[in-house]
Amino acid sequence: MPKASRPLRLLLIAVIALAAAALLWALLGVLSGAISLWQALRDLPLWAQTGVYTLIAAAVIGMAWLAWRILHPRPRKVAPVAAPTRVQIDQRVTRLNERHADTAALQAELEELDRRARSEEFHVAVFGEISAGKSSLIRALLPDAKAQADVLGGTTRAVAHYRGALGDTALVFADVPGTHEVAGAAREQLARDEALRAHVVLYVCAGDLTRDQDTELRWLRSFGKPLLLALNKADQFHDGERNALERALHERYRDVTDAQLVVSAGGGESFERQLPDGRREQVRRERIPDVAPLHAWLQRLATRGASQLEPAREAAVLTAIGARADALEGAAREREAEAVVTKYTKRAVVGALAAVLPGSDLVIQGVLATALVRELGKLYAVPLRDLDIDGFLSQVRLTVRTSASLVLAIAGNALKAFPGLGTLGGGVLHAIAYGLIFDSLGHAVAGTLRDQRTLDNAAATQSLARLLADTSAERLRRIAAYALQRETDLDN
Ligand SMILES: Nc1nc2c(ncn2[C@@H]2O[C@H](COP(=O)(O)OP(=O)(O)OP(=O)(O)O)[C@@H](O)[C@H]2O)c(=O)[nH]1
Ligand SMILES: [Mg+2]
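On a predicted model such as this, the values are computed, not experimentally measured, just so you know.

This structure, assessed with the given rule, holds 30 salt bridges. The salt bridge involving Arg313 is made with Glu310; its shortest N-O contact spans 2.9 Å. With Arg313 and Glu310 both in helix α10 (residues 306-354) and three residues apart, this pair spans about one turn of that helix. Looking at Glu310, the relative accessible area reads 14%, which means it is buried.

Where α10 meets helix α13 (residues 427-452), the closest approach of the two axes is 8 Å, and the angle between their N-to-C directions is 155°. Between α10 and α13, the crossing angle belongs to the class labelled roughly antiparallel. When you trace α10 past α13, the crossing you get is right-handed. Facing α10, whose interface residues are Glu334, Ala337, Glu338, Val341, Tyr344, Thr345, Ala348, Val349, Ala352 and Leu353, α13 presents Gly427, Val428, His430, Ala431, Tyr434, Gly435, Phe438, Asp439, Gly442, His443, Ala446 and Arg450.

Bringing the packing of aromatic side chains into the picture now. Two descriptors summarise a pair of aromatic rings, namely the distance from one centre to the other and the angle between the planes of the rings. A full pass over the atoms with the stated rule returns two aromatic pairs. With 5.7 Å between their ring centres and 40° between their planes, Phe127 and Tyr203 make a pair best called tilted. Residue Phe127 is found in strand β1 (residues 122-128), and its partner Tyr203 is found in strand β4 (residues 200-205); the two are separated by 76 residues along the sequence. Classification of Phe127 by relative accessible area gives buried; the value is 0%.

Read across the sheet, six strands follow the order β2-β3-β1-β4-β5-β6 without closing on themselves; strand pairing throughout is mixed. The sheet terminates laterally at β2 (160-166) and β6 (259-262), the two strands that pair on one side only. Pairwise comparison of adjacent strand axes, ignoring direction, gives a mean angle of 25° for this sheet. As defined by bridge partners, strand β5 (residues 227-231) adjoins β6 across four bridges and the pair is classed as parallel. Residue pairing across strands places Leu228 opposite Ala259, the latter belonging to β6.

Each value, and the rule that gives it
Residues numbered from 1 in each chain as written. Chains lettered and ligands numbered in written order. Predicted model: local features only at pLDDT ≥ 70, side-chain atom pairs only at ≥ 80, totals over all residues. Heavy atoms only, no water. Salt bridge = Lys/Arg side-chain N within 4 Å of Asp/Glu carboxyl O. Helix = DSSP H or I, 4+ residues; strand = E, 2+ residues; numbered from the N terminus. Buried < 20%, exposed > 50% of the residue type's maximum accessible area, 1.4 Å probe, protein only. Axes fitted to C-alpha atoms, helices over the stretch in contact; angles between N-to-C directions. Parallel < 35°, antiparallel > 145°, perpendicular 65-115°, else oblique. Left-handed = near helix turned anticlockwise from the far one by under 90°. Contact = heavy atoms within 4.5 Å. Phe/Tyr/Trp six-rings, centres within 6.5 Å; stacked < 30°, edge-to-face > 60°. Pairing = 2+ DSSP bridges.

As structure tokens, this is what we get:
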């Protein structure tokens, strides 16, 4: 570093001296203020002195508390997800039934929700990766329960329930399939559903959590239910390793879980035994489980009683049912949209066959197209005022005109697929072309409304252009069949 020049250093010394003098001056000011305040207070009657001292003490304590709070911010609570109410879910199920959706699974879930609420049993779902020791942990906590344990991963294939008691509370453990098993997606869903149905989730791990496990744990927490994290197989770590892991889990998950506990649920241990004749032999025996801290935590939660934990459990189940209702509604809407598109495609074909045809110019039929877009808009609950149908149809006409020769060529191919069709009136080619246009238009509009909840003209026109060029055999046969059917109907 280059040396500072002498005048500069002198200037720096002067500034420092000035700052020190100012600080000293301020300190003396405060001191003199405090002395004169103290002298003034001495002259006051005792009650007034006590009042002022109490005020000063309160201010000092208040400031100390404020400083402490700023330095030690409260752990951020994960806000529970906003759950739908039971009434909302019941209404949605009724509406789905009216739309002929299969709601049997949703209704079964609601019945199970009510059954558990009535039973007042305390439900604990034991959740975690395959072979983490979930079944062994249940056996250790409820020794009379029978859960299959195996060294091969993926032993618990479906949800099994084990009943017992913790103090005076009737308790049910749900032993769920382990997550992250290869090709175990369906079983993983079973495990997640069961975790939502429980009052408490016990998350079992056998080491540090992977990124997926971390996400899973935070997802479980988002339902606002008590969540315990148990590090199992503690015996497999040296003391130092175990302590470091315990500290790391505590540091990372103290805001996400209610407790982080270290346990050893079982497994085997080997040791060497000396026989009377001096020989030694290897002996293997079941390890005595050490699950005391976990047992104590569960007991503590159980004494709060199932009914106190019921609202969070209900909210979690209703949220899951809400998501399933969303999926069913989506599927019902897709089916209904398909029916609407088919209806208008048939109408377009029939209209083209019956009308005096506009030569080779495939000008789109305005009234029919408007009705199609309106009906799809209603289905996807997009307000009519948000649909610029006229503007959209002008763009559609342009797209259709530029693709006219392509569409007619595709319609010609469809005719070849039905050799008999070609001999029917010359209008059949145009009827199929109209069918193709309406089928493409319907699917383009439905897809855009589904994905964007609005009629994005550019996206819908792009999709239309793509669909107009779709020559899949199944589609051509279907549209040609409408024309064929109508022609035969007209002939008879
Ligand atoms: N060393 C040791 N082994 C354990 C412990 N707990 C369980 N095990 C062993 O880990 C293996 C898996 O145990 P399970 O209880 O079947 O594990 P799980 O999580 O139920 O497995 P899945 O149902 O297949 O997902 C078995 O061989 C157990 O003996 C433990 O605390 N220490
Ligand atoms: Mg198991």
